Amino acid sequence: SGSMGEFFSGTLVENYKEHLITSHQETLDNRVKISIEDYEKDFLHQLPTDGSYYSVDHTNDPGPYVLDHMENHTRYYIKKTVK
């Protein structure tokens, strides 16, 4: 799937809470629950492998840079504009 993960370990020090990035909790709080059917549809979806044009719907992608389309085995990314 192209997914990857990393494991980190550390030791909490005094006053660690003063240095926490609070937006992480906001990101978790903004998750949207999806059905198993929708999850499986997305999980099983495959991008074209024949070089054909494929447009990506990035409407709900919160990232500043997103995959816009694929063509001739090349991925084209764009910087999203803030509305």
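Here the residue index of a chain counts from 1 through its sequence in written order. Totals for whole chains, interfaces and linings use every residue, but because this is a predicted model, local features are given only for residues with pLDDT of at least 70 and side-chain atom pairs only at 80 or more, for both listing and counting. The basis for every side-chain value is the complete set of heavy atoms in the structure, and neither hydrogens nor water enter the calculation.

1. Things to note about the overall build of the protein
The helix count covers DSSP runs of H or I at least four residues long, the strand count covers runs of E at least two residues long, and both are numbered beginning at the N terminus. Scanning the protein from N- to C-terminus turns up two helices and three strands. In sequence order, the secondary structure elements of the protein are arranged as α-α-β-β-β. Here the radius of gyration uses the C-alpha set of atoms, whereas the globule reference equals 2.2 Å times the residue count to the power 0.38. Compactness check: the protein gives a C-alpha radius of gyration of 18 Å against a globular reference of 12 Å for 83 residues, more than 25% above the reference. Taken along its principal axes, the extent of the C-alpha atoms in the protein is 55 × 30 × 25 Å. Considering the protein as a whole, with its 83 residues, one finds that 8% of them fall into the buried category. The buried label applies to any residue whose accessible area, calculated with a 1.4 Å probe on protein chains only, is under 20% of its type's maximum; exposed applies above 50%, and partly exposed to all values in between.

2. Topic: the pairing of strand β2 (residues 65-71)
Put simply, side chains in a regular strand alternate between the two faces of the sheet. Strand pairing is defined by DSSP finding a minimum of two bridges between the two strands. Bridge analysis of strand β1 (residues 54-55) against β2 gives two bridges, and the strand direction is antiparallel. By the bridge assignment for β2, Ser55 is matched with His69. In this sheet, strand β3 (residues 74-79) lies alongside β2 in antiparallel orientation, the contact comprising six bridges. Within β3, the residue paired with Tyr65 across the bridge is Lys79.

3. With respect to unusual backbone geometry
Keep in mind that most residues, glycine aside, have a negative phi and that most peptide bonds are trans. One non-glycine residue, Asn15, adopts positive backbone phi at about 65°. The phi torsion at His73 lies on the positive side, around 65°, for a residue other than glycine. Within the element layout of this structure, His73 appears in the loop between β2 and β3. With relative accessibility at 59%, the residue His73 sits in the exposed group.

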